[in-house]
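Chain by chain, the residues run as shown.
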Amino acid sequence: MSLSYLLKRCGLTAYTLIVVSLIVFAVTQVLPGDAATMLLGENATPAALAAVRDRLGLDAPIWVQYGHWLGGVLQGDFGTSLRTGQAVGPVMVEALGRSLLLAVLAIGFMLSLALPLGILAAVRRGRAADLLVGFVSYIGVSLPEFVTATLFGLLFADWLQWLPATGYVPMTENPASSLAHLVLPVLTVSVMLIAHVSRMVRSELVDVLHTDYIRAARLKGLSARAVLLKHGLRNALLPTITIVALDVGYLLGGVIVVEEIFALPGIGRQLIVAIEARDLPAIQAGALIMAATYSVVNFAADVAYAWLDKRIQYD
Amino acid sequence: MPPVLEISNYTLDYASPRGDARALDAIDLAIGRGEALGLVGESGSGKTSLAWAIMRYLPGNAREPGGSIKLSGEELTTKTPAEIAALRGRRIGMVFQDPGTSLNPTLPLGEQLAEVLVRHRALTRRQAWAEGEAMFARVGLKQPAQMMRRYPHEASGGEKQRVVIATAFACNPECILFDEPTTALDVITARQILDLFAELQAETSVASLYISHDLALVAQVAHRVAVIHRGRIVEQRTAAGIFTNPRNDYTKRLIAAVPDPGRRLSGAAPIPSGVPLVEARAVSVHYGRTSRLATFFGRARERVVGNRAVSLSVDPGEILGIVGESGSGKSTLAKALTGLNPFTGEIRFDGRRIGGIADMDKAYRRNVQIVFQHPDASLNPRQRIAEILSRPLALYGGQDGPRDMAVARLLEQVHLPADYARRYPHELSGGEKQRVAIARAFASKPRLVICDEITSALDVSVQASVVELLLDLQRRHGTAYLFITHDINLVRQIAHRIAVMYRGDLVELLDIEQLEAGPRHRYTRALIEAVPRPVGGTTNITIGRHSPGPIPGGFDK
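Student: Whenever I open this one, the domain arrangement of chain A confuses me. Can you help?
Tutor: Bring the parts together and some accessible area is lost; that lost area is often taken as the interface size. Residue and element names in this part refer to chain A. Each assigned domain of chain A is listed with its residue range as follows: domain 1 (3-74) and domain 2 (88-308). If you average the C-alpha positions of domain 1 and of domain 2, the two centres end up 33 Å apart. Taken together, the contact between domain 1 and domain 2 spans 17 residues of the former and 12 residues of the latter. Buried surface at the junction of domain 1 and domain 2, summed over both partners, amounts to about 1,400 Å²; 77% is from carbon and sulfur atoms. The interface formed by domain 1 and domain 2 holds 1 salt bridge in total. A salt bridge links Arg-9 to Asp-302; its shortest N-O distance comes to 2.8 Å. The interface formed by domain 1 and domain 2 holds 3 residue pairs in polar contact (both at pLDDT 80 or more) in total. Those elements that place two or more of their residues in the side of domain 1 that touches domain 2 are helix H1 (3-30) and helix H4 (62-74).

Student: For this particular structure, what's the right way to read the sheet that holds strand S12 (residues 304-314) of chain B?
Tutor: Strand pairs in the sheet, formed through backbone hydrogen bonds, run parallel or antiparallel to each other. All names here are of chain B. With respect to topology, 4 strands assemble into an open sheet ordered S12-S11-S14-S15, the strand pairing being antiparallel. Two strands lie at the open edges of the sheet, namely S12 and strand S15 (352-354), each paired on one side alone. Along the sheet, successive strands turn relative to each other by an average axial angle of 20°, direction set aside. Contacts from helix H13 (residues 330-337) reach strand S11 (278-287), S12 and strand S14 (344-349) within the one sheet, and its direction differs from that of S11 by about 115°.

Student: Quick question: what am I supposed to make of the interface of chain A and chain B here?
Tutor: If you look at the interface, chain A gives 21 residues, while chain B gives 26 residues. When chain A packs against chain B, the two sides together hide about 2,300 Å² of surface, and 60% of this comes from carbon and sulfur. On the chain A side of the interface with chain B, the three residues burying the most area are Arg215(A), Leu219(A) and Lys220(A), jointly 29% of the side's total. For the pair chain A and chain B, the interface holds 3 salt bridges.

Here is what the cut-offs are and how they apply
- Each chain carries its own residue numbering, running from 1 in the direction its sequence is written.
- Chains and ligands are labelled by the order in which they are written, letters from A for the one and numbers from 1 for the other.
- pLDDT decides what is reported in this predicted model: residues at 70 or higher carry local features, side-chain atom pairs at 80 or more are listed and counted, and totals for whole chains, interfaces and linings draw on all residues regardless.
- With hydrogens and water stripped out, all remaining heavy atoms of the structure feed into the side-chain values.
- An automatic or database domain assignment provides the domain bounds reported here.
- By definition in these notes, contact holds between two residues if any of their heavy atoms fall within 4.5 Å.
- When two components associate, each loses some accessible surface as probed by a 1.4 Å sphere; the sum of these losses over both components is called the buried area.
- Salt bridges are identified by distance alone: a Lys or Arg side-chain nitrogen within 4 Å of an Asp or Glu carboxyl oxygen.
- Here a polar contact is recorded for every N or O atom pair within 3.5 Å, except that within protein the pair must consist of a potential hydrogen donor and a potential acceptor, and residues adjacent in sequence are included only if both atoms are side-chain atoms.
- Numbering of helices and strands runs from the N terminus, with a helix taken as a DSSP run of H or I at least four residues long and a strand as a DSSP run of E at least two residues long.
- Here a strand pair is declared whenever DSSP counts at least two bridges between the two strands.
- All axes here are fitted lines through C-alpha atoms, helices being fitted over the stretch that makes contact, and every angle between N-to-C directions spans 0 to 180 degrees.

This is how it looks when you write it as structure tokens:
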């Protein structure tokens with residue numbers, strides 16, 4: 001991997017983060033009412049408001065406020081919650097940790113099913129196995145999460161009583177119980193991911209299996225297994241890396257419904273709470289942390305892709 | 001001793017809902033040790049089907065009603081897939097048309113050779129790698145150790161084809177099939193690959209089946225030539241005999257269609273009127289842009305040159321041929337002249353100055369038309385022929401009478417039936433589609449038509465009739481052509497003057513008489529020498545002759 005490619009990707013990631021921080025900061029600025037009125041309520045006296053504005057530095061020019069805020073963020077200080085009076089950074093990071101745990105488990109589970117299913121469907125294209133995988137995939141894609149979540153909850157928690165219906169237990173407290181609580185959320189979000197990743201793997205692999213170099217590999221006398229694993233899969237799975245990285249974004253911000261149904265205090269749920277309370281520092285921290293995680297994951301995906309497909313670095 | 005490859009009375013059908021279609025009909029072929037058999041046919045003749053049948057790589061709807069294919073006396077048609085897999089690459093190999101697509105883009109070149117040695121000769125990876133390096137050296141790859149670690153995108157087309165050839169020869173197979181191994185390559189590179197083929201053919205005692213559409217080429221690399229037409233072998237002779245004494249009617253037609261530079265097709269050059277029709281003055285085209293980041297770091301990268309200050313002119317009614325290998329800037333010039341590429345320098349049309357795309361008004365565009373290489377890509381598949389031909393008529397007008405009459409006249413001009421107007425492009429053959437594209441270009445009654453490789457996607461016999469049509473139109477309308485091609489033999493038949501391009505530069509511009517007398521520029525000479533001429537007897541590639549050494553990369557002035 002060329003150093004210049006890495007530097008270029010790093011630079012782009014940093015650039016993205018700066019733009020995101022600007023947007024996050026700007027959006028909270030255009031919301032009606034400032035932090036002081038939110039803090040003290042609409043009936044506060046002008047003197048009290050002025051005192052708070054002075055304390056929070058709200059009278060300084062916007063770019064000074066931005067610089068102040070960004071400087072704090074770079075030192076790990078995301079400000080103090082207007083709602084609870086606690087530092088928002090640690091709360092959001094903790095919530096991110098829970099969301100990431102869900103994301104990693106869901107992606108791991110999803111890949112362990114989606115890859116074999118996609119490969120099976122591609123290799124047996126047009127036959128019963130392919131049609132079955134396709135049918136199940138479409139059901140998975142078309143069911144909204146709250147439906148699958150409710151169905152899983154009914155089946156595994158209510159009727160069978162195998163798993164707890166809602167709640168979250170930290171890993172450090174009781175690993176077994178923690179995992180038991182995560183099974184239903186992981187299952188729910190995986191259903192949709194399995195569906196679209198297996199479709200993706202199938203169509204990519206079908207294309208690759210029709211290329212000249214696969215034909216050449218067969219005509220070199222390589223075994224069917226070697227042709228599929230060594231020549232086919234490697235090329236077919238490359239685009240999947242990008243898709244999985246995009247899914248991380250969905251798993252961080254887009255699964256609020258799932259977090260809500262299973263009472264999982266992930267970052268999406270924290271952000272909703274912050275928005276409802278108009279807790280500006282918390283909104284800023286949550287949005288920025290989400291965007292940063294997403295950028296870093298996509299950076300990692302770009303690097304992995306370029307490492308596996310050397311042509312990429314020449315773009 | 002039996003022949004290495006013996007095909008007797010072999011028939012192949014493809015099943016389809018409308019009944020079986022016969023692809024190969026009672027094929028009889030035999031290739032002995034050390035022999036090279038050329039198989040020549042046009043597209044759809046069944047030559048590739050035969051290759052797949054030999055390799056036992058047939059689609060699911062293939063039916064084999066009868067016949068046998070034997071490799072050193074062993075019947076192949078009855079072998080199990082596992083037996084075939086053990087045999088491919090070890091006892092029978094194949095070299096493909098396009099090395100750009102037949103190598104896996106994400107595996108190092110060395111790995112793609114070494115895996116064959118590991119599979120068939122049970123070498124360890126380390127042994128296979130060392131052996132692979134030796135093979136790379138043997139096929140004339142410079143710096144074989146480095147080449148082993150490179151990826152396909154880091155090697156040139158010729159280098160990649162050498163890798164494919166090295167892979168085919170890796171296990172010393174008894175028989176190798178070469179499926180158009182030089183068709184995707186540039187003229188000079190193709191010549192070097194042919195030399196390599198001849199050398200390896202002589203050194204090893206492999207039996208080769210050399211498949212090609214190019215009769216002239218095959219007659220020079222093979223000992224014997226078989227001509228295949230509609231699934232049947234119509235004639236099988238010695239290479240020397242096929243040109244001098246063809247017996248079959250189809251072979252005779254095929255030979256007649258092969259461009260022979262000694263036979264002029266177009267008339268004499270027009271008398272220069274003093275004012276050229278089109279004149280390019282120091283036209284330069286650059287591709288690509290410098291990335292923002294590179295600019296930011298002060299590393300303004302040099303842009304890719306498409307054309308470097310090209311100056312040439314075309315007289316009214318003249319045919320100017322432009323030749324050169326891919327990437328030489330031929331098509332770039334065509335695009336600049338038609339306003340598809342921004343350019344610097346100036347173009348003069350009929351004395352009028354065209355400084356850039358903005359100056360190309362309707363009058364200019366009406367007078368300068370272009371026909372592209374692939375009619376499939378240049379004709380809108382969702383439009384009927386009538387709509388395709390109506391567009392320029394509506395845009396440029398000038399046709400009196402109702403529109404459908406004008407369309408019918410255009411079709412008639414290119415010798416297509418008037419009822420083709422109702423058809424869609426996919427209902428036409430390749431040659432017919434190209435005729436429609438030509439009719440579209442002529443709809444505005446242009447004075448210059450740029451033909452960008454318009455015959456290279458066509459079969460020889462179709463190519464001949466398209467060229468005939470072009471010359472007929474030229475005589476009727478006095479249109480000038482800029483005829484871009486890589487086919488030197490063809491351009492020598494029709495062009496009045498020839499411009500030779502190399503890596504963006506115009507290296508030589510000469511009259512056809514001067515070319516016949518012997519060009520001055522080294523690159524032009526190399527280009528002409530690299531092309532097999534379809535004259536029986538005066539072959540310029542001899543089997544077993546050692547290659548004259550690599551042609552140096554730079555032909556700079």
